[in-house]
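Summary of the model geometry
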Amino acid sequence: LMPRSTQELFRTGDRFRIKVLSARDGTVQIYNTNPRGETKVDPIWKGEVKAGLETITARMRLEGNSGEDQLHIVLVPQQNTGVLAWMMGLIKGTNKDVRLDTQSTPTGTYVVNDNGQGLVTTVRISHL
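The structure presented is a predicted model; accordingly, all values stated were derived computationally and were not measured.

1. Things to note about the overall build of the protein
- Along its length, the protein carries one helix and ten strands.
- From first element to last, N terminus to C terminus, the protein shows the α and β order β-β-β-β-β-β-β-α-β-β-β.
- For the protein, the proportion of its 128 residues judged to be buried stands at 34%.
- In the protein, the proportion of contacts linking residues at least 24 apart, taken out of those at least 6 apart, comes to 69%.
- For the protein, the exposed surface amounts to about 8100 Å²; the carbon and sulfur share of it is 50%.

2. Some thoughts on the layout of surface pockets
- Taken as a whole, the second largest pocket encloses approximately 460 Å³ of empty space.
- Looking at the second largest pocket, it is lined by 17 residues, and the ones nearest its centre are Asn32, Ile44, Arg61, Glu63 and Asp69.
- Elements supplying a minimum of two residues to the lining of the second largest pocket: strand 3 (26-33), strand 6 (60-61) and strand 7 (67-77).
- For the lining of the second largest pocket, a count of residues per class yields six nonpolar, five polar and six charged.

3. Topic: the pairing of strand 4 (residues 45-49)
- Across the two faces of strand 4 the burial differs, with Trp45, Gly47 and Val49 buried and Lys46 and Glu48 not buried at all.
- One ladder, built from five bridges, connects strand 3 with strand 4; its direction is antiparallel. Within strand 4, the position partnered with Gly26 by the bridge is Val49.

4. Considering the nonpolar core
- With 15 residues, the main nonpolar core has Phe16, Ile18, Val28, Ile30, Met60, Leu71 and Ile125 as its most contacted residues.
- Per element, the largest residue contribution to this core is three residues, and it comes from strand 7.
- Setting aside its immediate chain neighbours within four residues, Val28 contacts Val20, Trp45, Lys46, Gly47, Val49, Ile73, Val74 and Leu75.

5. Topic: the side chain of Asn32
- For Asn32, the position within the fold is in strand 3.
- Among the polar contacts made by the side chain of Asn32, one reaches the side chain of Asp69 at a distance of 3.0 Å.
- A polar contact is formed between the side chain of Asn32 and the backbone oxygen of Gln70, at a distance of 3.3 Å.
- When sequence neighbours within four positions are dropped, the list of residues in contact with Asn32 reads Glu38, Thr39, Lys40, Ile44, Asp69, Gln70, Leu71 and His72.

6. Focus on the packing of aromatic side chains
- Tallied over the entire structure, the rule returns one aromatic pair.
- Ring centres of Phe10 and Phe16 lie 6.4 Å apart, and the angle between their planes is 70°; this geometry places the pair in the edge-to-face category.
- Exposure remark for Phe10: the relative accessible area of 5% places this residue in the buried category.
- Between the NZ or CZ atom of Arg4 and the centre of the ring of Phe10, over which it lies, the distance is 3.9 Å.

Parameters at a glance
Residues numbered from 1 in each chain as written. Predicted model: local features only at pLDDT ≥ 70, side-chain atom pairs only at ≥ 80, totals over all residues. Heavy atoms only, no water. Helix = DSSP H or I, 4+ residues; strand = E, 2+ residues; numbered from the N terminus. Buried < 20%, exposed > 50% of the residue type's maximum accessible area, 1.4 Å probe, protein only. Contact = heavy atoms within 4.5 Å. Areas by Shrake-Rupley, 256 points an atom, 1.4 Å probe, with all protein chains shown as cover. 1 Å grid on protein atoms, 1.4 Å probe; cavity = no way out; pocket = protein on both sides within 12 Å on 5 of 7 lines; lining within 4 Å. Points joined across faces, edges and corners; volume = space filled by probe spheres on them. Nonpolar A, V, L, I, M, F, W, Y, C, P; charged D, E, K, R; others polar. Pairing = 2+ DSSP bridges. Core = buried A, V, L, I, M, F, W, Y, C linked by side-chain atoms within 4.5 Å. Polar contact = N/O pair within 3.5 Å; in protein donor to acceptor, adjacent residues only side chain to side chain. Phe/Tyr/Trp six-rings, centres within 6.5 Å; stacked < 30°, edge-to-face > 60°. Lys NZ or Arg CZ within 6 Å of the ring centre and 35° of its normal.

Take a look at the structure:
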């Protein structure tokens, strides 16, 4: 594996994996919105993460229309029963604990949520 920032231009057909390092136990789910703006209901990847341990997704491939794919990465804290309950808490105001800090380097893109329990962010991957 070779580290790469999401700010670099990818090519259609490129394969990649996402490395996740979480500060808390939970479930990570990744959803995709393709360049046509279509988002599928089911995640393209889902896995358990443990605090302080790196988790690497299965290999994914950019295919279809070139443009910008949006990968919506959701960290659901372990104490919640599921994404829907946690997201509804965000909407209703009971779990408004998301504060993001995003940084990109030549070898990676980092998202930090120092004060909250859950995390929702979108990583954009542009490809020709």
